[in-house]
Amino acid sequence: MSQRSSASATPAGAALRDDPRHPLYLGKWKRPTKPDLEEFIHDDFDEPHRKRQKAILAKHPEVRQLYGNEPLTAVIGTAAAIVQLVAAYYVGCVWTGLHWSVVVAIAYFLGGTVSALYGVIIHEAGHNLVFKWPFLNRLTGLLVNMPMVVPISQSFRRYHLEHHQFQGVEGKDPDLPLDSEIHLIHNNPLLKTLWVFCYSVMYVVRGMAMNKRPQRWEVVNLAFIVCVDILIVRYMSLRSLAYLGVSVFFGYGMHPGAAHFIQEHYVFRDGQETYSYYGSGNIFYLNIGLHNEHHDFPQIPWTRIWKLRRIATEFYDPLFAHTSWIWVIVNFIASPMLGPQSRLVRLYKAHTSGRREYRVPIESSDATPAVKASAH
């Protein structure tokens, strides 16, 4: 449901109007009430995070002190890469007599768990949150990408930054499901289960559907991973490479460590398009669950993001948040109201005009949000 019509657009040169979503920046739109609809939810305002950032900074300027880098991330990434390479060696060269079912179990419980962590570290590097020098962040991404069989780090960096810039914008946000996903999967529980299992494949397909020429670093990433794969087969075995590939498939699919892909932007409440997770999984996965906070302040590394949550508690307490990644997956599969179509979208024109025509009413930003959003 629209919050404003195109007829209400601000004429050129007219005074800006206060954004009516202030201070929480939740919309007035509603989720569909019928499970048979095969289309996205639509909004005609810009994404909420840039303006909520301004509102928070107006009231809590000390948040800027949290900006910076966390080199510890590279240490964790190196250790995680070593763990999987050692496991691949043992699975492929030492424990060659293991039954395939045992290998699959190791690939899920160890390999999948660690591979999901790679995505978190590549995410931090993609935002240049590991080192000050962007080049070192790219190298961090390549390092962590080594046990992942397929080139991911540089393409993820490219498309994830576009996701931040164009959140929910049809045709520009590479994180949005394709129309074919919606029509094929919709709300069928069995198909949704298969879709979650194959989420890593769909993530790649969405990037390919953008039909963009590979950038230089993506070519470097491809060449580097091909060389790494050849070395793994040469000095370990093909079985070792297969173990690593299956681990990535599990770690980006039906695994608690991958549930944040659903948690982050699939709509679980009216008016709210981004969701955080405040469960124990954040300990191992470097606070990746704090997604509202991250989108509001992508300049803050994982070691300081909880400080933002505590400083600006009046902005985040009223928002709905998840507490179980397992329940996110179960609820998404079981609920007839959830599916690939459960995402909020906006036209590029609405995205740009919303930023241009509606301002953050800074002068009223000292008014604490007193109640939870009515959309809940």
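Our structure's up above, just so we're on the same page.
Scope of this entry: the structure provided in the associated data block. Keep in mind it's a predicted model, so treat the numbers as computed, not measured. (Residues numbered from 1 in each chain as written. Predicted model: local features only at pLDDT ≥ 70, side-chain atom pairs only at ≥ 80, totals over all residues. Heavy atoms only, no water.)

1. Focus on the side chain of Glu70
Link 1 in the chain: Its place among the elements puts Glu70 in the loop between helix H1 (49–59) and helix H2 (72–94).
Link 2 in the chain: Here Glu70 occupies a buried position and makes no salt bridge, while the nearest side chain of opposite charge, Arg304, is found at 4.8 Å.
Link 3 in the chain: What Glu70 contacts, discounting residues up to four positions off in sequence, is Leu129, Val130, Pro301, Trp302 and Thr303. (Helix = DSSP H or I, 4+ residues; strand = E, 2+ residues; numbered from the N terminus. Buried < 20%, exposed > 50% of the residue type's maximum accessible area, 1.4 Å probe, protein only. Lys, Arg positive; Asp, Glu negative; His and termini not counted. Salt bridge = Lys/Arg side-chain N within 4 Å of Asp/Glu carboxyl O. Contact = heavy atoms within 4.5 Å.)

2. Remarks on helix H17 (residues 348–357)
Link 1 in the chain: All buried positions along H17 are accounted for by Ala350, His351, Ser353, Gly354 and Glu357.
Link 2 in the chain: Packed against the buried residues of H17 are strand E1 (17–18), H1, helix H5 (153–165) and strand E6 (358–359).

3. Re the nonpolar core
Link 1 in the chain: If you look at the biggest cluster of nonpolar residues, it comprises 42 residues, and the most contacted ones within it are Trp195 and Phe332.
Link 2 in the chain: At the level of secondary structure, the elements contributing two or more residues to this core comprise helix H3 (100–126), helix H7 (189–197), helix H8 (199–209), helix H11 (260–263) and helix H16 (325–334).
Link 3 in the chain: It is H3 that contributes the most residues to this core, 7 residues altogether.
Link 4 in the chain: Other than its neighbours up to four places away in sequence, Phe332 contacts Lys192, Trp195, Val196, Ile262, Tyr266, Leu338, Gly339 and Pro340.
Link 5 in the chain: Grouped together as the second largest cluster of nonpolar side chains are 18 residues, Leu26, Leu57, Leu66 and Tyr316 included. (Core = buried A, V, L, I, M, F, W, Y, C linked by side-chain atoms within 4.5 Å.)

4. Some points on unusual backbone geometry
Link 1 in the chain: His22 connects to Pro23 through a cis peptide bond whose omega is 5°.
Link 2 in the chain: One can find Pro23 in the loop between E1 and strand E2 (41–42).
Link 3 in the chain: The residue His186 is not glycine, and still its phi comes out positive at about 45°.
Link 4 in the chain: Here His186 falls in the buried class, since its relative accessible area comes to 9%.

5. Quick word on the packing of helix H9 (residues 216–235) against helix H10 (residues 238–251)
A packed helix pair is summarised by two numbers, namely the angle formed by the two axes and the spacing between the axes.
Link 1 in the chain: In the contact formed by H9 and H10, the axes pass within 6 Å of each other and the chain directions differ by 130°. Comparing their axes, H10 and H9 come out oblique. On H10, the residues touching Asp229, Ile232 and Val233 of H9 are Leu238, Ser240, Leu241 and Leu244.
Link 2 in the chain: Looking at the contact of H9 with H10, its residues break down into 5 nonpolar, 1 polar and 1 charged. (Axes fitted to C-alpha atoms, helices over the stretch in contact; angles between N-to-C directions. Parallel < 35°, antiparallel > 145°, perpendicular 65-115°, else oblique. Nonpolar A, V, L, I, M, F, W, Y, C, P; charged D, E, K, R; others polar.)

6. What about the packing of aromatic side chains?
Link 1 in the chain: One pass over the full model with this rule turns up 24 aromatic pairs.
Link 2 in the chain: Note on Tyr108 and Phe109: the rings are 5.1 Å apart at their centroids and 80° apart in plane angle, and the pair reads as edge-to-face.
Link 3 in the chain: Among the residues examined, Tyr108 registers a relative accessible area of 22% and is labelled partly exposed.
Link 4 in the chain: A relative accessible area of 63% means that Phe109 is categorised as exposed.
Link 5 in the chain: Above the ring of Phe166, the side-chain terminus of Lys172 is found at 5.3 Å from the ring centroid.
Link 6 in the chain: Lying over the aromatic face of Tyr235, Arg234 brings its terminal NZ or CZ to 5.0 Å of the ring centre. (Phe/Tyr/Trp six-rings, centres within 6.5 Å; stacked < 30°, edge-to-face > 60°. Lys NZ or Arg CZ within 6 Å of the ring centre and 35° of its normal.)

7. Side note on the environment of Thr303
Link 1 in the chain: Positionally, Thr303 belongs in the loop between helix H13 (291–296) and helix H14 (305–311).
Link 2 in the chain: Of the residues examined, Thr303 reaches a relative accessible area of 30% and is grouped as partly exposed.
Link 3 in the chain: Residues Thr303 and Arg17, spaced 286 residues apart in sequence, show a C-alpha to C-alpha distance of 37 Å.

8. Here we look at the pattern of salt bridges
Between side chains of opposite charge, a pair can form when the charged atoms approach closely.
Link 1 in the chain: Under the criterion given, the structure shown has 19 salt bridges.
Link 2 in the chain: Residue Glu293 pairs with Arg309 through a salt bridge whose shortest N-O separation is 3.5 Å. Pair noted here: Glu293 is in helix H13 and Arg309 is in helix H14, with a separation of 16 residues, a long-range link.
Link 3 in the chain: Judged by relative accessible area, Glu293 falls into the buried class, the value being 0%.

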